[in-house]
Amino acid sequence: QVQVVESGGGLVQPGGSLRLSCVASGSIASITAMGWYRQAPGKQRTVVAAITSTGRTNYADSVKGRFAISRDSTKNTVSLEMNSLKPEDTAAYYCLAIVTMTGTTGDVEVWGQGTLVTVSS
């Protein structure tokens, strides 16, 4: 079994910064990629940023230049540094880990419970 837990959400004023963190734990043989998604009320969940095991990153156009994703593969963690936050960044942020579990082949997707980010004055 694999668990993914996010932390670091909260209330921030427009123009401010927040750092989200996510840790994957459990029966993990390897992690192919980790990423952050967000879902605003009444909207679909969309990708924010992702990073592969080789360090390749991908960002949604709306956050390019403002957000930065990083990963510590030794600790199975991924972080999202969010700067110049806007009200439209308000959403629940979810961490996704694509992992191969110990003793198995093939990847599975494991989601965290989410952490709320509110950007408001």
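Look above for the structure.
Owing to the predicted nature of the structure, the values given are computational and were not obtained by experimental measurement.

Asker: Can you walk me through the sheet that holds strand E8 (residues 77–82) in this structure?
Answerer: Sheets are built from strands that pair by backbone hydrogen bonding, the pairs being arranged parallel or antiparallel. If you trace the 4 strands from one edge of the open sheet to the other, you get E1-E3-E8-E7, paired in antiparallel fashion. At either margin of the open sheet sits one strand with a lone partner, and together these are strand E1 (2–7) and strand E7 (67–72). Direction aside, neighbouring strands of the sheet carry axes that sit 15 degrees apart on average. As paired strands, E1 and strand E3 (residues 18–26) are joined by 6 bridges and run antiparallel to one another. Its bridge partner lying in E3, Val-4 is registered against Ala-24.

Asker: Mind showing me how you'd approach the nonpolar core here?
Answerer: General note: in soluble globular proteins, nonpolar side chains tend to be found buried as a group. Counting residues in each nonpolar core, the largest one holds 30 residues, and the members touching the most others are Trp-36, Leu-80, Met-82 and Tyr-93. For this core, the elements supplying multiple residues, two or more each, are E1, E3, strand E4 (28–39), strand E5 (46–52), E7, E8, strand E9 (91–101) and strand E11 (115–119). In terms of residues, this core owes the most to one element, E9, which gives 5 residues.

Reading the values: rules and limits
Residues numbered from 1 in each chain as written. Predicted model: local features only at pLDDT ≥ 70, side-chain atom pairs only at ≥ 80, totals over all residues. Heavy atoms only, no water. Pairing = 2+ DSSP bridges. Helix = DSSP H or I, 4+ residues; strand = E, 2+ residues; numbered from the N terminus. Axes fitted to C-alpha atoms, helices over the stretch in contact; angles between N-to-C directions. Core = buried A, V, L, I, M, F, W, Y, C linked by side-chain atoms within 4.5 Å. Buried < 20%, exposed > 50% of the residue type's maximum accessible area, 1.4 Å probe, protein only.

Geometric descriptors of this kind do not, in isolation, establish any biological role.
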